[in-house]
Every structure is written in structure tokens, then in C-alpha cells.
Amino acid sequence: MSEETTYFKPIGEQVADASGVEDKKPVEEIESLCMQCGKQGVTRLLPTYIPYFREVIVISFSCPHCGNHNSEVQSAGEIQPKGCIYTVHVTNKKDLNRQIIKSEFCTIQVPELQLQIPAKRGQITTIEGMLQDTLRDLEIDQPVRKHMQPDVYEKIEALCERLREVLGEHKVEGSEARDDDGEFHVGPVGAQYEDDAEERTFTPFKVVLDDPSGNSFVEYTGSIESSGAADNKWSKRDYPRTKEQNIELGLIADPAVPRGEDTATHGFSKEEGETEFENEEIYSFEGTCSSCNAPVKTNMKKVNIPYFKDILIMSTNCDHCGYRDNEVKSGAAISEKGRKLTLHVTDSEDLSRDILKSESAGLSIPEIDLNLAPGTLGGRFTTLEGLLQNVYDELYEKVLMRGDSADKSSVETFEGFLGKLKRAISAELCPFTVILDDPLADSYIQNPYAPDPDEQLEVENYERTWEQNEALGLNDMKVDEYEAPATDDTALAA
């Protein structure tokens, strides 16, 4: 495509091409109906390219009659093969200036504030702008809630106070009265503190963007070539979409909807070549949420890992408080020997290997002095990249998010360690070694060449020590002739 017919250009080039040319505008204007007053407004469309991201369409609507206006951003590219989760740890005011590109399918969570922003229109903003919009939306109906729902008012007001603390604003008293022009303010107005300096501190928090379409983005610091690996507060994780997410994105048909009037077929059809496997049965059992004590269901499914053994994957998701938990258990007998797996990671392809880490396995990477004791992170069935990302998230939240009480030198040392861990996640540290030591031999690292041996993967079977058997409770386990011998008294009674 020639330069003249290229529609998606950076905004600077769009303006430069339009300057000096009569009647040429960088945007397309379309008359549209205003949904507020019913008269004709104008919608402006600007196809543009965001460097190092992808093509987007910036849409802006304005009505000259009633003043109604809004704007949004839509992706002009294809839906990505996988969804993505961005995590940013906000520890100072500069982190609030990170730019966010949010698609219409993206949800935003701030766990420390118990805040979740559902998917709605796409937009280009910053973390600070996103929090300001949330604060504004929450404050609009507060005067009505104060009289109609006092309990709800108090809870929302507490959240608003925490948002004002982060944004450096305070509530202006008397802002709910009429002004000189007779206009009535439905919500309180925030004002900046006069001492809003760069060194202003607040309680650190985490922002999580979850976009199943993969078309959202959060700005990172450092060079472009690092792709975020140099930013210890920023991380990205790709994940395969669920069937429900594919239905929401319109990629597959909803199995609950009949395909036609003359058929009662629902869901996938093996005969039509839509899937190669039969649906596997999933077991559910009732339980109680460990976070809010609400009734919850735990789903369990048996999965066979080729050239390994059967495992049980259990998942719990609470609809009341949002608590989630995943756990992996072995579905086979206890092995007679322990097993030590050593993987020599040479490139990014090795990070995509499937890995099963049981609760009894320990993980270590000698090159960065990483040693995780057995039981850390529990049982996980993911990729090597996903497992290292879980380690990074757990260590960051438990060590670096403690506030000003943490020792500065210790924090700097640990930030250096996390930098090495991020380089391992992005394959910049290659080559390095991953050691998975499991005394129960219930852990697994994928061999892409199976059943042929893998030169990068070393498997060592060993006899468990008495201490390991004692820690696992195997010394007191008796499976042969476990019936207690009859005593003289019991023999006489018989």
C-alpha cells in the first residue's frame, strides 16, 4: 500500500498531511443522532496508528444543541490469539501518569481498594484519569444515597476518600448547594491540595487490566527494546481464552442458542469437525468460600498428561466476593522414589513448555539465587513463563508493597533480584537452569520430543530420605498387614 493510501498513520503525520491543504481534514465527520436531545450532532472518526502498539480508531461525538459529547477508542486490528493481563504496581505519583489504552472488552481491578471497573467503551487515558473518572461517577449520586441508602452512602464515601487520597484531592464542603447562576451541583467537587508535590506519598496499590481480546495496553518505563522487562513495576501475561470469553467476543456461536429452526443441535458438533474430542465430565461439589463464608461450588476435572500420569484440577470461584482459587492434585499412587527435573532454558521457546508443580515440589534457579521451599505457591499447572510470573507477583506483593517501613537498602537489593527474575521471564537471561525437586515425583516438565529423550531436560530418580518421608507422613503409613494383631483378651472374647 502506498503512502498516499495509508489510512492508519500517527496523529502527527495526519495533521501534517492536512495542513496547508484547503478543505482537507484529518478526520471524517458524520452526522449522527444525539441520544440526549434527539437532534443532529456530529461524529468525528480519526484512524490512527499508535507507535509500538497497533491501529485504532478515535471516535468523538458532540452535539451543538445540548452540549452532549463523548469519546471512545476502538481497535482497528484483529482480535489477538490470546487474552492479556497487565499488572502495574503504583507506588508514587509518577506511576499515576502511565498511559492506558483500554478496549471495550477490558475490565480494570484495584484489589487494595476493592474496586472493579466493568468492560465498557474503549478509551485512551492514564491511571490518574481512570481513577478521576471513577471518583466522579461514584460522587454523582451520593447526595441521593445519603438520604435514601445511608449504609451504601457510607461505604461508597469510604472508597471515595481513598481515591481522593491517591489523587491528592479533598471534598469541598457546601458544593451541593446552588451557585450564583442557580445551577444545582448533584455531587461534591474535588480540589487539589496546595502542597501536591512530587514526593507526595500514599498507600501503594495494584492496577490489573484484563482484556480477553488482547487489544489493551499499559505504558511501561525503560527502553522500547526491553518490551517492559526493565520495568519492575510492570508485567504482562498472555492467557488462552475460555469458551465463555470467545462467545462474548463473537468468535464462536453460543451453544445455548439453536443453530436453526430444523435442528436441535447445541454447542460443538464432532460430526461436523468442530472438535476432535468428546466433552469430558466435570464434577462439582458444594462448599464454603474461605473469604466470605458464602456458599460456593468447586469444580474438579481429571486430566491425563501424556507420558506422565493422571492429575486432578480443582477450581473455586466465588460469585459474592470474587475469590478465586486453583489447585492441582495427583490422581495416581504415591511414587516409590522422588524425582528431580533439571531444565536448561536456552531460548524463549522453552518458556512455553507446560509445567506441573505439585505442592511437595521445590523450585530453584541457581543463576539468580531463587529458591522456593516445597509448598510455596501450592500446586500449579501452567507454563514455565506463567509459573515464573506467579513467583514474581507473589514476591512483589509480599515484600515491596509494605510501604515506608521497609528498609531502603533491602528494598533496593530485592528490586535488583526482581529485575533478574523479569529478565528470566522475558528470556533475556538465557541460558539459565530451572530445577524442580519433588520427593513424591508428582511434578512434570513437558518434553516436546516425547517419547524421544530431551537433551535439555535431565530426569533423576532418587531414594527419599527418612526426613522427607517423615515430613510427608509416609513413615507412619502402613499399607501391608495393617490389621492390628489380636491380643489374648480379644482372642478369649472371640
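No experiment lies behind these values; they were computed from the predicted model shown.

**A closer look at the pattern of salt bridges**
Inference 1: If you walk through the whole model with that rule in mind, you get 13 salt bridges.
Inference 2: For R44, the salt bridge is made with E29, and the minimal N-O distance between the two is 3.3 Å. Residue R44 is found in strand β2 (residues 40-49), and its partner E29 is found in strand β1 (residues 28-33); the two are separated by 15 residues along the sequence.
Inference 3: Bridged by salt links that share partners, the residues D95, R98, D231 and K233 form one connected network.

**Re the packing of aromatic side chains**
Inference 1: Across all of its chains, the model carries four aromatic pairs by this definition.
Inference 2: Residues Y86 and F217 carry aromatic rings whose centres are separated by 6.0 Å and whose planes lie at 80 degrees to one another, so their mutual orientation is edge-to-face. Linking Y86 in strand β5 (residues 83-90) with F217 in strand β13 (residues 217-218), this pair joins segments that are 131 residues apart in sequence.
Inference 3: Consider the rings of Y86 and W234, whose centres lie 5.9 Å apart with planes at 50 degrees: the pair is tilted. Highlighted residues: Y86 in strand β5 and W234 in strand β14 (residues 234-239), separated in sequence by 148 residues. Both residues of the pair, Y86 and W234, count as buried.
Inference 4: Following the ring pairs from residue to residue traces out a cluster consisting of Y86, F217, Y220 and W234.
Inference 5: Of note, K422 hangs over the ring of Y392, and the distance from its end group to the ring centre comes to 5.7 Å.

**Details of the sheet that holds strand β6 (residues 99-102)**
Inference 1: Read across the open sheet, the three strands follow the order β9-β6-β13; overall the sheet is antiparallel. Lying at the two open borders of the sheet, with one neighbouring strand each, are β9 (123-126) and β13.
Inference 2: With respect to the sheet, helix α2 (residues 127-140) is in contact with β6 and β9, its orientation differing from that of β9 by roughly 100 degrees.

**Re the confidence of the model for the protein**
Inference 1: Overall, the predicted model of the protein reaches an average pLDDT of 77, with 75% of residues at or above 70.
Inference 2: For residues 174-195, every residue scores under 50 in pLDDT, and the model assigns this stretch 38 contacts once sequence neighbours within four places are set aside.
Inference 3: Here residues 490-494 is modelled with pLDDT under 50, and outside its nearest four sequence neighbours on either side it reaches zero contacts, counting other chains as well.

**Some points on the nonpolar core**
Considering soluble globular proteins, one finds that nonpolar side chains tend to be buried as a cluster.
Inference 1: V90, L96, I127, L131, F205, V207 and L209 are the most contacted members of the largest nonpolar core, which has 32 residues in total.
Inference 2: Those elements giving two or more residues to this core turn out to be β5, β6, β7 (107-110), β8 (115-117), α2, α4 (150-167), β12 (205-211) and β13.
Inference 3: For this core, the element with the highest residue contribution is α4, accounting for six residues.
Inference 4: Not counting residues up to four positions away in its chain, the partners in contact with V207 are Y86, T87, V88, V90, I108, Q109, V110, I127 and M130.
Inference 5: Counting residues in each nonpolar core, the second largest holds 30 residues, with L343, L363, I365 and L372 among its members.

About the cut-offs
Residues numbered from 1 in each chain as written. Predicted model: local features only at pLDDT ≥ 70, side-chain atom pairs only at ≥ 80, totals over all residues. Heavy atoms only, no water. Salt bridge = Lys/Arg side-chain N within 4 Å of Asp/Glu carboxyl O. Helix = DSSP H or I, 4+ residues; strand = E, 2+ residues; numbered from the N terminus. Phe/Tyr/Trp six-rings, centres within 6.5 Å; stacked < 30°, edge-to-face > 60°. Buried < 20%, exposed > 50% of the residue type's maximum accessible area, 1.4 Å probe, protein only. Lys NZ or Arg CZ within 6 Å of the ring centre and 35° of its normal. Pairing = 2+ DSSP bridges. Contact = heavy atoms within 4.5 Å. Axes fitted to C-alpha atoms, helices over the stretch in contact; angles between N-to-C directions. pLDDT = per-residue confidence, 0-100. Core = buried A, V, L, I, M, F, W, Y, C linked by side-chain atoms within 4.5 Å.

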